Amino acid sequence: MRRRLRKVLLLGAALLLGGCTYAAICTFLGWGIPCLFYSVTGLLCPGCGVSRMCLCLLRLDFAGAWEANPVILCMLPLGAAMGVDCVLRYVKTGNGNPRGWCSLAMWVMIGVLLVYGVLRNI
């Protein structure tokens, strides 16, 4: 159990470091990862604006985060709960597969994102 906890903490620290590095690059250098879908089609994908949303959340600018991508902002608490559930289950049992409610929520979130992706371009 301790080995799994250490593994999760190291992965979490690496993700946090990577996220902070990306935020610093976006903030200070003005560089970001362009959306390939938008570059090819000229249409906004369901994830367009996530970098701006995260940067706004780091500044506690909730209005700006809402403006950047309201659907993903609304789904963040559910996604966080799903992640915490999977991590706790992995640390306790070694099985990190999502439970029934997580799988259902994941499919609902995918459906919402697909509908949002179509509606935001109409």
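Parameters at a glance
Residues numbered from 1 in each chain as written. Predicted model: local features only at pLDDT ≥ 70, side-chain atom pairs only at ≥ 80, totals over all residues. Heavy atoms only, no water. 1 Å grid on protein atoms, 1.4 Å probe; cavity = no way out; pocket = protein on both sides within 12 Å on 5 of 7 lines; lining within 4 Å. Points joined across faces, edges and corners; volume = space filled by probe spheres on them. Helix = DSSP H or I, 4+ residues; strand = E, 2+ residues; numbered from the N terminus. Nonpolar A, V, L, I, M, F, W, Y, C, P; charged D, E, K, R; others polar. Expected span 1.5 Å × (residues − 1). Core = buried A, V, L, I, M, F, W, Y, C linked by side-chain atoms within 4.5 Å. Buried < 20%, exposed > 50% of the residue type's maximum accessible area, 1.4 Å probe, protein only. Contact = heavy atoms within 4.5 Å. Bend = angle between axes of the 7 residues up to and from the residue. Patch = residues over 30% accessible without salt bridge, like charges linked within 9 Å, V, L, I, M, F, W, Y side chains within 5 Å. Areas by Shrake-Rupley, 256 points an atom, 1.4 Å probe, with all protein chains shown as cover. Salt bridge = Lys/Arg side-chain N within 4 Å of Asp/Glu carboxyl O. Lys, Arg positive; Asp, Glu negative; His and termini not counted. Charge placed at Lys NZ, Arg CZ, Asp CG, Glu CD.

Novice: Would you take a moment to explain the layout of surface pockets for this structure?
Specialist: Reported here for the largest pocket is a volume of approximately 320 Å³. If you go around the largest pocket, you meet 18 residues; those closest to its centre are I33, C35, C48, G49 and R52. For the lining of the largest pocket, the elements supplying multiple residues, two or more each, are helix 1 (2–29), helix 2 (36–41) and helix 3 (50–58). For the lining of the largest pocket, the leading source of residues is helix 3, giving four residues. Classifying every residue of the lining of the largest pocket gives twelve nonpolar, five polar and one charged. Within this model, the second largest pocket holds a volume of roughly 210 Å³. Looking at the second largest pocket, the residues that line it are L16, G19, C20, Y22, A23, C26, V50, S51, C54, L55 and L58. Counting only elements with at least two residues in the lining of the second largest pocket, the list comes to helix 1 and helix 3. Counted by class, the lining of the second largest pocket contains nine nonpolar, two polar and no charged residues.

Novice: Honestly, helix 1 in this entry has me stumped. Any pointers?
Specialist: Since one α-helical turn is 3.6 residues long, residues separated by three or four positions face the same way. Taking 1.5 Å per residue as the helical rise, helix 1 with its 28 residues ought to reach 40 Å, and the 39 Å between its terminal C-alpha atoms agrees with that figure. Looking one or two places after helix 1, you find G30, whose phi comes out positive at around 75°.

Novice: So what exactly am I meant to see when it comes to the nonpolar core here?
Specialist: For soluble globular proteins, the rule of thumb is that nonpolar side chains tend to be buried together. Counting 13 residues, the largest nonpolar core has M53, A65, M75 and M82 as its most contacted members. When sequence neighbours within four positions are dropped, the list of residues in contact with M53 reads A65, A68, N69, I72, L73 and L76.

Novice: Explain helix 5 (residues 70–93) here, please?
Specialist: Its 24 residues give helix 5 an end-to-end C-alpha distance of 35 Å, which sits within 8% of 34 Å, the value for a rise of 1.5 Å per residue. Its maximal kink placed at L76, helix 5 deviates by approximately 40°, while the proline P77 follows within four residues. Every buried residue belonging to helix 5 is among P70, V71, I72, L73, M75, M82, D85, C86 and V91, and all of these are buried. Residues of helix 5 that are buried in the fold lie against helix 1, helix 3, helix 4 (62–68) and helix 6 (100–119). Of the residues trailing helix 5, G94 is marked for its positive phi of about 90°.

Novice: Which parts of the structure should I look at to understand a positive patch on the surface?
Specialist: On the surface, R2, R3, R6 and K7 cluster together to form a positively charged patch. The residue K7 is located in helix 1 in this model.

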